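Chain and residue survey
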Amino acid sequence: MTPADTEPITGPVVITGTDTGVGKTIVTAAIAAAATAAGRRVAVVKPAQTGTAEGDEPDAVTVSRLAEPVTVRTLASFPDPLAPLAAARVAGDDPLTAVMAQLALRSIVEEHDVTLVEGAGGLLVPMGEGGWTMLDLAAALGATAVVVARPGLGTLNHTALTLQALAQRDIPAVVVLGTWPADPELVHRTNLHDLAGDLVGAVPDGAGSLAPALFRREAAHWLAPLLYGRFDPVAFRSHSR
């Protein structure tokens, strides 16, 4: 799969990250907004939300507010800001099983054109019982993966490792930069040209603070045609030299 593939993706799409805090939720919202604007019936699913006791806006609420997809669901929630399996253990709750997640998602996928499944942290974070991961879920669903990467120092290694893990399971994957700065520094510009994988988007840093109507209007500019937008990675890299 390359940015030249102009036929937009459909079916299950796993949104994973190279780490935590890389912008997965805002990228998920942007894809949901662009696909919804293109007339697709879009679902966004968060298998496990952690840190609910901290009072921050849950990811599903953020996506719903910014993008207004037809369906938004969270399968399990836990109070502590930990990996989902650890958060369930600390809370004394039953962790989400792989079978429960797959059954819920297969039902949702059947009813929507695009189903975006946002993970927690990176690709191999233990999500539930037995330590299953978003990599396992993507393989089970036959999903495409969107890897959200940070633009700064450390991203080259993290992105390459994430893409390598996906390739070993024959999962097609593309890359979106989750927090592209308004004033890129040398490290951002050089990373942009050395980044592994097929770049299909760059979401501006701070995009999540935009008014929802403006966010929905601008989302297509940040994403390539594969993700229902108009982003041109060649022009973007050339402009960012």
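The preceding data block contains the structure.
Structure report, in brief. (Residues numbered from 1 in each chain as written. Predicted model: local features only at pLDDT ≥ 70, side-chain atom pairs only at ≥ 80, totals over all residues. Heavy atoms only, no water.)

With that out of the way, let us pick up the overall build of the chain. Check the secondary structure of the chain and you find nine helices and seven strands. For 241 residues, the compact-globule estimate of 2.2 N^0.38 gives 18 Å, and the C-alpha radius of gyration of the chain, at 17 Å, lies within 12% of that figure. Taking the principal axes of its C-alpha atoms as reference, the chain extends roughly 50 × 35 × 35 Å. Burial analysis of the chain (241 residues in total) assigns 51% to the buried set. Counting only contacts in the chain whose residues sit at least 6 apart along the sequence, the fraction spanning at least 24 positions is 77%. Just so you have it, the chain exposes about 10300 Å², and 51% of that area is on carbon and sulfur atoms. Across the chain, 16 positive and 25 negative side-chain charges occur, with their mean positions spaced 4 Å apart. (Helix = DSSP H or I, 4+ residues; strand = E, 2+ residues; numbered from the N terminus. Rg over C-alpha atoms; globule rule 2.2 N^0.38 Å. Buried < 20%, exposed > 50% of the residue type's maximum accessible area, 1.4 Å probe, protein only. Contact = heavy atoms within 4.5 Å. Areas by Shrake-Rupley, 256 points an atom, 1.4 Å probe, with all protein chains shown as cover. Lys, Arg positive; Asp, Glu negative; His and termini not counted. Charge placed at Lys NZ, Arg CZ, Asp CG, Glu CD.)

Consecutive side chains of a regular strand alternate in pointing toward one face of the sheet and then the other. In terms of burial, strand E2 (residues 42-49) is largely enclosed, as eight of its eight residues are buried. You can see the chain leave E2, run along helix H2 (residues 59-67) and come back into strand E3 (residues 71-77), and the turn it takes is right-handed. (Right-handed = clockwise from strand over helix to strand, strands pointing away.)

Okay, the nonpolar core next. Among soluble globular proteins, nonpolar side chains are generally buried collectively. Counting 75 residues, the largest nonpolar core has Leu116 and Phe215 as the members making the most contacts within it. The element that contributes the greatest number of residues to this core is helix H1 (residues 24-37), accounting for nine residues. (Core = buried A, V, L, I, M, F, W, Y, C linked by side-chain atoms within 4.5 Å.)

It is worth spelling out the pattern of salt bridges at this point. For the coordinates displayed, the defined rule picks out five salt bridges. Across the pair Glu118 and Lys46 runs a salt bridge whose closest N-O atoms are separated by 3.2 Å. Here Glu118 is found in strand E4 (residues 114-122), whereas its partner Lys46 is found in strand E2, with 72 residues between them in sequence. On the basis of relative accessible area, Lys46 is assigned to the buried category, the value being 6%. The shortest N-O distance in the salt bridge between Glu57 and Arg65 comes to 3.0 Å. On the basis of relative accessibility, which here comes to 34%, the residue Arg65 falls in the partly exposed class. (Salt bridge = Lys/Arg side-chain N within 4 Å of Asp/Glu carboxyl O.)

This next bit is on the layout of surface pockets. Of the pockets and cavities examined, the largest pocket occupies roughly 640 Å³. Around the largest pocket, the lining is made up of 28 residues, and of these Thr20, Lys46, Gln49, Thr50 and Asp59 lie nearest the centre. Sorting the residues of the lining of the largest pocket by element identifies H1, E2, H2 and E4 as the ones contributing at least two each. For the lining of the largest pocket, the element with the most residues is E4, which contributes four residues. (1 Å grid on protein atoms, 1.4 Å probe; cavity = no way out; pocket = protein on both sides within 12 Å on 5 of 7 lines; lining within 4 Å. Points joined across faces, edges and corners; volume = space filled by probe spheres on them.)

On to the packing of H1 against H2, then. At a minimum axis distance of 9 Å, the contact between H1 and H2 shows a crossing angle of 35 degrees. Where H1 crosses over H2, the handedness of that crossing is right-handed. In this structure, H1 uses Thr25, Ile26, Thr28, Ala29, Ala32 and Ala33 to contact H2, whose residues at the interface are Asp59, Thr62, Val63, Leu66 and Ala67. Tallied by class, the residues present in the contact of H1 with H2 amount to seven nonpolar, three polar and one charged. (Axes fitted to C-alpha atoms, helices over the stretch in contact; angles between N-to-C directions. Left-handed = near helix turned anticlockwise from the far one by under 90°. Nonpolar A, V, L, I, M, F, W, Y, C, P; charged D, E, K, R; others polar.)

Relative to each other, helix H4 (residues 98-110) and helix H5 (residues 134-141) sit at 45 degrees, their axes nearing to 11 Å. Judged on the interaxial angle alone, H5 and H4 are oblique. Note on packing geometry: the crossing formed by H4 with H5 is right-handed. Contacts between H4 and H5 pair Gln102, Leu105 and Arg106 from the former with Leu137, Ala140 and Leu141 from the latter. (Parallel < 35°, antiparallel > 145°, perpendicular 65-115°, else oblique.)

A separate point is empty space enclosed by the protein. All told, the structure shown has one cavity of 30 Å³ or more when counted by the stated rule. As a volume, the largest cavity reaches approximately 30 Å³. Around the largest cavity, the lining residues are Val44, Val45, Lys46, Asp59, Ala60, Val63, Val72, Arg73 and Glu118. Mapped onto the lining of the largest cavity, the elements with two or more residues apiece are E2, H2 and E3. Of the residues contributing to the lining of the largest cavity, the split by class is five nonpolar, no polar and four charged.

Everything listed here is a matter of coordinates, which is why it stays silent on function.
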